[in-house]
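Residue-level structure breakdown
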Amino acid sequence: QLVESGGGSVQAGGSLTLSCVASGRTFSSVAMAWFRQTPGKDREFVATISWSGGATLYAHSVKGRFTIFRDNAANAMYLRMTNLKPEDKAVYYCAAPLDPGLLLPFLTPDFDSWGQGTQVTVSS
């Protein structure tokens, strides 16, 4: 089970840090990722991190503004979001793949565990 927290409402240019805590399963041996979704649109890849935290991959739209990191001892993953823009408004989901062999997965079909989502709202 994955549980996100840390969402909220901020003004453009502001920052938020999202958290994702895992329970019931050890996720320290698999990559993890963040996705986001707005009404009427498909879930969109945001960032992914390897099991060790040594490798990361970002969507072009967030690169340089968002940072994904993890704490395997705490079975947790985070997304530090800075310089937020109104177009970053979405429900953010953390996800984990079943296959430990995927280094930096970013396609939604590769993920079998999803959190319930946390809302991020950015006002201009």
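One numbering rule holds for all chains: residues counted from 1, following each sequence as written. The model is predicted, so local features are restricted to residues of pLDDT at least 70 and side-chain atom pairs to those at 80 or more, both for listing and for counting; the totals for chains, interfaces and linings are taken over all residues. Hydrogens and water are ignored here; the side-chain numbers use all heavy atoms of the structure.

A few points about the overall build of the chain
Put simply, the rule is: Under the DSSP-based scheme used, a helix requires at least four consecutive residues in state H or I and a strand at least two consecutive residues in state E, with every element numbered from the N terminus. As defined in this context, the radius of gyration uses C-alpha atoms, and a globule is described by 2.2 Å times the residue total to the power 0.38. Any residue under 20% of the maximum accessible area for its type is buried, any over 50% is exposed, and the rest in between are partly exposed; the area is computed with a 1.4 Å probe on protein chains only. The contact rule is simple, with two residues in contact once any of their heavy atoms fall within 4.5 Å. Working definition of accessibility: Shrake-Rupley area with a 1.4 Å probe, residue cover restricted to the visible protein chains. When charges are counted, Lys and Arg are positive and Asp and Glu negative, with His and the chain ends excluded. Note on charges: their place is set at NZ of Lys, CZ of Arg, CG of Asp or CD of Glu.
The helix and strand inventory of the chain stands at 0 helices and 11 strands. For the chain, the N- to C-terminal ordering of α and β elements is β-β-β-β-β-β-β-β-β-β-β. Taken over the C-alpha trace, the chain has a radius of gyration of 13 Å; the compact-globule value for 124 residues is 14 Å, and the two agree within 12%. Projected onto the principal axes, the alpha-carbon positions of the chain cover approximately 40 × 30 × 25 Å. Relative to its full complement of 124 residues, the chain shows a buried share of 42%. At a minimum sequence separation of 6, the contacts of the chain that also span at least 24 residues come to 58%. Split by element, the accessible area of the chain, about 6,000 Å² in all, is 53% carbon and sulfur. On the chain, the mean spot of the 10 positive side-chain charges and the mean spot of the 9 negative ones are 7 Å from each other.

Considering the sheet that holds strand β3 (residues 16–22)
Convention followed: In short, DSSP must find at least two bridges between two strands for them to pair. The convention used is that axes are lines fitted to C-alpha atoms, helices contributing only their stretch in contact, and that angles between N-to-C directions extend from 0 to 180 degrees.
One open sheet accounts for 4 strands, arranged β1-β3-β8-β7; its pairing is antiparallel. Either end of the sheet is taken by a strand with one partner, and the two such strands are β1 (2–5) and β7 (66–71). With strand direction ignored, the average angle separating the axes of adjacent strands in the sheet is 15 degrees. With 4 bridges connecting them, β1 and β3 associate as antiparallel partners.

Description of the nonpolar core
Note the cut-off: Within this scheme, the nonpolar core is defined by two criteria: the residues are buried Ala, Val, Leu, Ile, Met, Phe, Trp, Tyr or Cys, and they are joined through side-chain atoms within 4.5 Å.
Counting residues in hydrophobic clusters, the biggest one holds 33 residues, and the most contacted among them are Trp34, Leu79, Met81 and Tyr92. Considering every element that reaches this core, the biggest residue donor is strand β9 (residues 90–97), with 5 residues.

What to know about a nonpolar patch on the surface
Threshold: For patches, a residue must show more than 30% relative accessible area and have no salt bridge; joins then use 9 Å for like charges and 5 Å for nonpolar side chains, namely Val, Leu, Ile, Met, Phe, Trp and Tyr. Counted as salt bridges are all cases of a side-chain nitrogen of Lys or Arg within 4 Å of a carboxyl oxygen of Asp or Glu.
Judged by side-chain polarity, Leu57, Phe106 and Leu107 come together as a nonpolar surface patch covering roughly 260 Å² of accessible area. In this fold, Leu107 is placed in the loop between β9 and β10 (111–114).

Section: the pattern of salt bridges
Going through the model one piece at a time under the given rule, you end up with 3 salt bridges. Note that Arg65 and Asp88 form a salt bridge whose closest N and O atoms lie 2.7 Å from each other. Of this pair, Arg65 sits in the loop between β6 (56–58) and β7 while Asp88 is found in the loop between β8 (76–81) and β9, placing the two residues 23 residues apart along the sequence. Across the pair, exposure class does not vary: Arg65 and Asp88 are buried alike. Via salt bridges that share partners, Arg36, Glu44, Arg65 and Asp88 belong to a single interconnected network.

A few points about the state of the cysteines
This is how the line gets drawn: Two cysteine sulfurs form a disulfide in these notes if their separation is within 2.5 Å.
Here the structure, examined in full by the defined rule, presents 1 disulfide. With a sulfur-sulfur separation of 2.1 Å, Cys20 is cross-linked through a disulfide to Cys94. A torsion of 60 degrees about the S-S bond marks the disulfide between Cys20 and Cys94 as right-handed. Of this pair, Cys20 sits in strand β3 while Cys94 sits in strand β9, placing them 74 residues apart in sequence. Each of the two residues, Cys20 as well as Cys94, counts as buried.

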